[in-house]
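Breakdown of the fold
Single-letter residue listing:
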Amino acid sequence: MQNRIRNFSIIAHIDHGKSTLADRMLQITGALTAREMREQFLDKMDLEREKGITIKLQPVRLNYKARDGQTYILNLIDTPGHVDFSYEVSRSLAACEGALLVVDASQGIEAQTLANVYMAMDLNLEIIGAVNKIDLPGAEPEVVKQEIEDVIGLDQQGIIPISAKLGIGVEEVLEAIVAKIPPPQGDEKAELRALIFDSYFDPYKGAISYIRVDSGELHKGDMIRMMYSGKDFEVTEIGVLSPFMTTVESLKAGEVGYLAAAIKNVADTKVGDTVTLASCPASQPLSGYQEVKPVVYCGIFPIDNSDFEKLRDALEKLKLNDSSLIYEPESSDALGLGFRCGFLGLLHLEIVRERLEREYDLSLMATAPSVIYRIILTDRSEETVRNPSHWPDPQRIDKVMEPYVKAIIMVPNDYVGTVMELCQDKRGSFINMEYLTPHRVMISYNLPLAEILFDFFDSLKSRTRGYASLDYEVRDYVVSDLVKLDILLNGEIVDALSSITHKDKAYFRARGLVERLRKIIPRQMYEVSIQASIGNRIIARESVKAMRKDVLAKCYGGDITRKKKLLEKQKEGKKKMKQIGHVEVPRDAFMTVMELDDGK
Amino acid sequence: MANSSAAIGIYIHIPFCLHKCEYCDFYSLPITDAEVLENYTRSIIRELEHRAESIKNPITTVFLGGGTPSLLKPQQVERILAAVFAGYKISGELEISLETNPATVNLQNIKDLKSVGVNRLSIGVQSFNDNELKALGRMHGGLEARMTLRDVVRAGFNNYNIDLIYGLPNQTLASWQDTLNSAIEFNPQHISAYLLQLDDSTPMAQKVKTGTISLLDDEAEASLYYTALEFLAEQGFHHYEISNFSRPGYECRHNLLYWQAREYLGIGCGAVSYINGQRHLNQAGVNKYIDNCRTGRPLGIEILETMTPRQMAADAIILGLRLSEGIKFKEFKDRFGFDIMGEHRDVITNCQDKGLLQMDKESFFLTKKAYFLSNQVFNQFIV
Ligand SMILES: Nc1nc2c(ncn2[C@@H]2O[C@H](COP(=O)(O)OP(=O)(O)O)[C@@H](O)[C@H]2O)c(=O)[nH]1
Ligand code: SF4
């Protein structure tokens, strides 16, 4: 049985053609009829589509009749394509014996891809290389093959030139999967151990887990135990995705499928956890489980204070589907009651925020994201700060530590100078630089996480005309000379606008902030003074002059309706404002104010 | 509000001008030949006759606006007015206004207009400064404006308005003061002073966009406005609406109907009516309008808004606050059946705190400072 199974992932940079290739595979193996065939079947969240990113494709089981006459079960398990979700990538890869590396023939390998390939190699996966889009006039399959050989060490002979769009080479890819990727070799007789590599919440069936059975056998009706969380559940349904959910009686070692067990919360089916039988549990869970921890925090507040409970409900529901989301109530003088939420990264933050607004019809304000700081106080105790407004009194601070990342940037060699300049500017320290090909370079830097959170990636892209790719990994905490920068409106500190910054950059940042605020705070009845301070010292100031004109000079019988529309629009606009003291601040200010490009 | 005893006004739209001004966003077409005017006159008369059946309210004002209604021959105006008198109940002495533009009328015309019953003229002077008039794309200069005004006085009109525009590119306090002085020389009973506010569709707005001309900043515009307020007060004018000034007793009764959120009947192509709680836009397109009137086909009418009692009350506040007398508590309650302070106390006190509204025993009204910021008050009453 297991001889005919191949479990594999596709590793590809955004837009290199992963979804197109997966669709083509579904078509060739007849998993979908032409009628069901819809562009990019597997790519499901609207939000992802809009943002042009693939976070994750759903797993799918393909029946492929190979040239040797045998029919094989190919399980395609996708990896999320964003650095925020690298732990999930590792679990998806851990569920496979092989990985298909897809590289755009006119772009070459990108940093993110490389990081994922290394991860796959560490897990001893067989790697099959393919260069895609060979139909494009700018394609340089030979150059890219050479690059793959040089960087990853794959023999370029084995790398398959394909065009996912036109279907060229896709059969060869399927053949290579059958021929090169080893079949799973789990012991069907051993105790059950199945790896949860993904899960989501279904309102009818409860949490659904995608699993890969490593050893043993799972049946409907079995009493299972989650080995890390320690909880037991009765299996109500198991099945495979081909690509629609199809129930089966059992899943055996080597197989991939889903399980439902009336689990009310996805937090009980954590990615990386091991499913075993409650009646005869395995002695050891599968390795590699990690508790995912947020790296970025921000305050999320309802514009309308009375929506606080609604926001709580919405977060609760979202969390059912996203166990990495963390939140706790927070109260701000400026913004009222809300929640401090923790995320895996900025993309994660953005997705959660948008889903809250769209799916739960909330109008929200978010404060600028913050990393987690560790502060050693003069009395030797330590404090963890996730919210700049909780920064201790500087008198009490002995030293401050902030998280650093190791960043890897790949870029054509013409841009080395500008990339290094940017990294230097973001307080980076150079680690090393390597030539991947005569024209492409890999640069490594240690950088404060806080610096790359905001506009780093955008600046990198714009300075390198989109050629650079970035990957990073959070490393350790490093002592830094950090201060809290406050913003005052008409003399009052606005807690939600406080931020932490490096001392050397404080003045520059303060200037940028007050200027930016001057531009986004509309004129009001009275002059608004905007100041930035460190402790009691004002280091930058601006003001918004009082409004002098807001009038409809003419209003007669013919245009009352039209003039009222204008007033309605103004009224709508007011809803996007938050009243802080006597000042009306656009609600986006709390987030956008931080998106300073201090490189310019 | 379908109250058939309340007096209403009739607005008659004459959508023709000699040529289109640069800043104009009115519904008005350059006139091609005199025949159109005659056909249009007949259509207006037909429509007046046709609508007469459904209107039971007495008429208190007639306003011929445009466009340039002074392009009509006095005899045509006479026939239109005759149709009003023939078909509608008349309440007391009618105010009959007609808009004119300098250089479209001579002394004889004006005398004739007076003799056919027009008792109030509004003259689109805009400015006495040739450069400013040119920038606006007006057909006349300062001299023509003066000549027309002189003729209006000679013809014996004792109720007429001068329209002025401020906030023109490169306008200075001095040139604005000159224009105000010139207007006063003719001793008008009424002055309208409008801030130039350009609709995006106008050629002048395009020029601003491309940077060929630039408008004044808010501070400069505000100081022009308040200069006019002070100067005209010194001259004995009563500032009775945001942009309107009159000698006591010479407020424009027709326009007051708008600001009191009263109903009115709009006649003519593109005219708006407010009847039975609905605002609608009359048949667009002059040729269609003329055709439909001639053949007796129904006019195409677009409903702009159908108002709930609450919306009508909101209109009455938003429009009523344009008037310096403001909103009278008792009158409002009698008319709409609820107490305005009960409903809007928060907004009103908030505006008081900001120095935008003032209150006495009977009423509340905009402060002087609030006139030029009045949207800040109005938009809070929108429902
Ligand atoms: N010309 C050409 N375009 C392709 C090919 N494969 C994918 N594309 C296009 O590349 C873009 C990105 O592909 P997609 O599959 O969405 O990439 P993903 O982000 O990796 O899932 C789409 O516009 C595809 O139509 C190919 O073989 N040839
Ligand atoms: S005269 Fe008045 S209506 Fe005619 S084009 Fe000029 S601004 Fe428009």
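Look a little higher up for the structure.
A brief structural summary. (Residues numbered from 1 in each chain as written. Chains lettered and ligands numbered in written order. Predicted model: local features only at pLDDT ≥ 70, side-chain atom pairs only at ≥ 80, totals over all residues. Heavy atoms only, no water.)

Side note on helix 3 (residues 107-115) of chain B
Keep this limit in mind: In the analysis that follows, any N or O atom pair within 3.5 Å is treated as a polar contact, provided that within protein one partner can donate a hydrogen and the other can accept it, and provided that, for residues neighboring in sequence, both atoms belong to side chains. By definition, any uninterrupted DSSP run of H or I lasting at least four residues is a helix, any uninterrupted run of E lasting at least two residues is a strand, and each is numbered from the N terminus.
For helix 3 of chain B, the N-terminal cap is B:Asn106; the gap from its side-chain oxygen to the backbone nitrogen of B:Gln108 is 3.1 Å. Once helix 3 of chain B ends, the next one or two residues include B:Gly117, with phi positive near 120°.

Looking at the nonpolar core
All names here are of chain B. Which entries qualify depends on this criterion: Put simply, buried Ala, Val, Leu, Ile, Met, Phe, Trp, Tyr and Cys residues joined by side-chain atoms within 4.5 Å make one nonpolar core. Under the scheme applied here, a residue whose accessible area is under 20% of the maximum for its type counts as buried, over 50% as exposed, and between as partly exposed, the area being computed with a 1.4 Å probe on protein chains only. Where each domain starts and ends comes from a domain assignment, either automatic or drawn from a database. Contacts between residues were defined by any pair of non-hydrogen atoms, one from each residue, lying within 4.5 Å.
Core analysis: the largest hydrophobic core is formed by 127 residues, its most contacted members being Ile12, Leu48 and Val118. Take this core: its biggest share by element is eight residues, from helix 8 (residues 218-234). Two domains share this core, each providing at least three of its residues, namely domain 1 (8-259) and domain 2 (313-381). If sequence neighbours within four positions are ignored, leucine 48 has contacts with Ile10, Ile12, Ile80, Ala83, Val84, Tyr88 and Ile267.

Notes on the pattern of salt bridges
Opposite charge on two side chains lets them pair, provided their charged atoms get close. Selection rule: Each reported salt bridge corresponds to a side-chain nitrogen of Lys or Arg within 4 Å of a carboxyl oxygen of Asp or Glu.
Inspection of every chain in the model, using the stated rule, returns 50 salt bridges over all chains. Between A:Glu147 and A:Arg440 there is a salt bridge, and its shortest N-O distance comes to 2.7 Å. In this pair, A:Glu147 is assigned in helix 5 (residues 141-152) and A:Arg440 in strand 25 (residues 440-448), connecting sequence segments 293 residues apart. Per residue, the accessibility class of A:Glu147 equals that of A:Arg440, and both read buried. Among the salt bridges present, the one from B:Glu221 reaches A:Lys549, with a minimum N-O distance of 2.7 Å. Remark: A:Lys549 occurs in the loop between strand 31 (537-544) and helix 13 (560-575) and B:Glu221 occurs in helix 8; the pair is interchain, linking two chains.

Notes on unusual backbone geometry
The omega torsion of the bond from A:Ser242 to A:Pro243 falls at -10°, within 30 degrees of zero and hence cis. Of note, A:Pro243 is situated in the loop between strand 12 (237-241) and strand 13 (245-247). Cis geometry marks the peptide bond from B:Gly66 to B:Gly67; its omega dihedral reads 15°. Note on placement: B:Gly67 falls in the loop between strand 4 (59-66) and helix 2 (74-87). At B:Ala103, a position not held by glycine, the phi torsion is positive, near 70°.

Focus: the interface of chain A and chain B
Operational definition: Two parts placed together each lose some accessible area under a 1.4 Å probe, and the buried area is that loss summed for both. Charged means Asp, Glu, Lys or Arg here, nonpolar means Ala, Val, Leu, Ile, Met, Phe, Trp, Tyr, Cys or Pro, and polar covers whatever is left, Gly included.
Taken together, the contacts link 27 residues of chain A with 41 residues of chain B. A buried area of about 3,300 Å², summed over both sides, lies between chain A and chain B, and 52% of it is on carbon and sulfur atoms. When the buried area of chain A at its contact with chain B is split by residue, A:Met525, A:Arg548 and A:Tyr556 rank highest and sum to 20% of it. Connecting chain A to chain B are eight salt bridges. Connecting chain A to chain B are 23 residue pairs in polar contact (both at pLDDT 80 or more). For the side of chain A that touches chain B, the residue count by class is 12 nonpolar, four polar and 11 charged.

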